[in-house]
Structure formats: C-alpha cells, structure tokens
Amino acid sequence: QQQVKQSPQSLIVQKGGISIINCAYENTAFDYFPWYQQFPGKGPALLIAIRPDVSEKKEGRFTISFNKSAKQFSLHIMDSQPGDSATYFCAASMDFGNEKLTFGTGTRLTIIP
Amino acid sequence: DTGVSQDPRHKITKRGQNVTFRCDPISEHNRLYWYRQTLGQGPEFLTYFQNEAQLEKSRLLSDRFSAERPKGSFSTLEIQRTEQGDSAMYLCASSTGLAQGGELFFGEGSRLTVL
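The structure presented is a predicted model; accordingly, all values stated were derived computationally and were not measured. (Residues numbered from 1 in each chain as written. Chains lettered and ligands numbered in written order. Predicted model: local features only at pLDDT ≥ 70, side-chain atom pairs only at ≥ 80, totals over all residues. Heavy atoms only, no water.)

**Comments concerning unusual backbone geometry**
Residues Ser7 of chain A and Pro8 of chain A are joined by a peptide bond in cis, for which omega reads -5°. Inspection of the secondary structure puts Pro8 of chain A in the loop between strand 1 (4–7) and strand 2 (10–14). In this chain, Asp7 of chain B is followed by Pro8 of chain B through a cis amide linkage whose omega measures -5°. The phi dihedral of Lys71 of chain A is positive, around 55°, even though this residue is not glycine. Mapped onto the fold, Lys71 of chain A is located in the loop between strand 7 (62–67) and strand 8 (72–77). (Helix = DSSP H or I, 4+ residues; strand = E, 2+ residues; numbered from the N terminus.)

Right under this line is the structure:
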C-alpha cells in the first residue's frame, strides 16, 4: 500500500521559475515530513523538513507548505536554477519512536535555461 | 570525509550467488538503516539498528536477507541465493534518531545487478 503519493512524476521549469512538487498522505499518524534531493549516482540528501505544528517552513529558496486537514504537503523551489535539476522525494514518518521513513515515488525536476 | 560510506559501490553477480554489502555510518550515530531503491522508485525501508540491536525489519526482508551490526559500528547486509528481482540500489543511512529530531544521512549506495 502506497502511503505517500507524489506528483508530478517529472517536471520541466525554466530557469528563474517556481518549481512545485506535491505529496499526499493517508496515515494521520504521520508527523514528520522531510523532502530529499537525489542526484544521479548519489544517495538522497535531506533538503528541508516540517512537523505538523506549523503550516509553512522556509529555508532559502526552498519552502514546504503543509495542509494538515487535506493531508497534503508541497515543496516550492523559488528562482529555480539548473543546479536544482535532480530527483526529489517526499517522505513521512510517525512519532513515538518510529524510525521508518515512507518515501514517495519521486519527481524528476529539470531546469532549462 | 566523515559521511556514511558503503562498499562495494557496484556489484554484478550471477543468480544464485551470495553477496554482502558493508556500511560504515557516521561515527557518533547510534542508529543505522538499510533501504532498497529500484529504478524510478523511492527508497523502501528494509531494517534498522539501534547500536547492535536490530529493532525493526520490513516484510520486504525475506529469509534470504540478513543484516548485522555486531559491535554497534559498521553493518553488513547479506543476500543469499540472489534472484534477478534483487537487482537494486541498497542504501545505508545513519542518524541520532528521527524521534530525537535527528536526520537521516544516506551513503551513496551499493548497486546490485543480478544476471
């Protein structure tokens, strides 16, 4: 059962534009929502994460928006740059000592000049 | 470099052979995780250790898979009697604990190809 649904599967954005990737989850016990960035041949690296006590978190050009009632969260990349071209994964985990991350299927982002 | 290191980075084997992967976590991290990633998919949780104790195993981890972390430092993941469906990237990560506000640091993975 896929518990975290991610869209779109691929995304092409012009340099300087805004990239938006969406995720939806089913399990209301999830309470930690990270986004990972993965370049070809590399392991995923944490980009930004949010817990449900806030609706938005911003770090530089990256923002997570979180809608608890809709069970959705999204990643916004402002002023997208060619170096942002990578695969992005959303993920979720539960609290109470749970150490398992459930990942979405990924979005391949390409930033064109 | 004090990140998570994995060895070998690539392994090609014939169906039926056994393979073993090694992971060296970040030294101060007491949690160690194994994930599997197939092409075009997100990583899938396999198992995790707190120190030397294996605390959770996914149903994906069949009887042919075994993971150890004998002294609470490095870990090994062994796959016996490999099958073509085992072809994937095996990712190791370490952390001070998600529940403790830590983050997962992933290694670059060990890519397995079963012919």
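**Description of the sheet that holds strand 6 (residues 56–59) of chain A**
Residue and element names in this part refer to chain A. Taken in spatial order, the five strands line up as 1-3-8-7-6 in an open sheet, and their pairing is antiparallel. For this open sheet the edge positions go to strand 1 and strand 6, each flanked by a neighbour on one side alone. Averaged over all adjacent pairs, the angle separating strand axes in this sheet is 15°, with direction ignored. Bridge count for strand 6 against strand 7 is four bridges, and the pairing is antiparallel. Looking at strand 7, one finds that Lys58 is bridged to Thr63. (Pairing = 2+ DSSP bridges. Axes fitted to C-alpha atoms, helices over the stretch in contact; angles between N-to-C directions.)

**A few points about the pattern of salt bridges**
Tallying each qualifying case throughout the model produces eight salt bridges over all chains. For Arg9 of chain B, the salt bridge identified is with Glu108 of chain B, shortest N-O distance 2.8 Å. Highlighted residues: Arg9 of chain B in the loop between strand 1 (5–7) and strand 2 (10–13) and Glu108 of chain B in the loop between strand 10 (105–106) and strand 11 (110–114), separated in sequence by 99 residues. One network of salt bridges, with partners in common, ties together Lys42 of chain A together with Arg9 and Glu108 of chain B. (Salt bridge = Lys/Arg side-chain N within 4 Å of Asp/Glu carboxyl O.)

**Section: the interface of chain A and chain B**
Counting from both sides, the interface comprises 20 residues of chain A and, opposite them, 24 residues of chain B. Carbon and sulfur atoms supply 53% of the area buried between chain A and chain B, which totals about 1,700 Å² over both sides. Among the residues of chain A in contact with chain B, Pro44, Glu99 and Phe103 of chain A are the three that bury the most area, contributing 34% of the side total. Taken together, chain A and chain B are joined by one salt bridge. The salt bridge involving Lys42 of chain A is made with Glu108 of chain B; its shortest N-O contact spans 2.8 Å. One can count seven residue pairs in polar contact (both at pLDDT 80 or more) joining chain A with chain B. Counting only elements with at least two residues in the side of chain A that touches chain B, the list comes to strand 4 (30–38) and strand 9 (86–94) of chain A. For the side of chain A that touches chain B, the element with the highest residue contribution is strand 4 of chain A, accounting for three residues. For the side of chain A that touches chain B, a count of residues per class yields seven nonpolar, eight polar and five charged. (Contact = heavy atoms within 4.5 Å. Buried area = accessible area lost by both parts, 1.4 Å probe. Polar contact = N/O pair within 3.5 Å; in protein donor to acceptor, adjacent residues only side chain to side chain. Nonpolar A, V, L, I, M, F, W, Y, C, P; charged D, E, K, R; others polar.)

**What to know about the environment of Thr28 of chain A**
Inspection of the secondary structure puts Thr28 of chain A in the loop between strand 3 (19–25) and strand 4. Along the primary structure Thr28 of chain A and Gly17 of chain A are separated by 11 residues, whereas in three dimensions their C-alpha atoms are 33 Å apart.

**Examining the pairing of strand 1 of chain A**
All names here are of chain A. Residues Val4 and Gln6 line the buried face of strand 1, whereas the alternating positions Lys5 and Ser7 sit on a face that is not buried. Sheet topology note: the strand 1/strand 3 ladder contains four bridges and is antiparallel. In the strand pairing of strand 3, Ser7 is matched with Asn22. (Buried < 20%, exposed > 50% of the residue type's maximum accessible area, 1.4 Å probe, protein only.)

**Description of the environment of Gly107 of chain B**
Take Gly107 of chain B: it is sitting in the loop between strand 10 and strand 11. Expressed as a C-alpha distance, the spacing of Gly107 of chain B and Arg81 of chain B, which sit 26 residues apart in the sequence, is 25 Å. In this structure Gly107 of chain B touches Gly43 of chain A together with Val4, Gln6, Leu91 and Cys92 of chain B, once residues within four positions along its chain are discounted.

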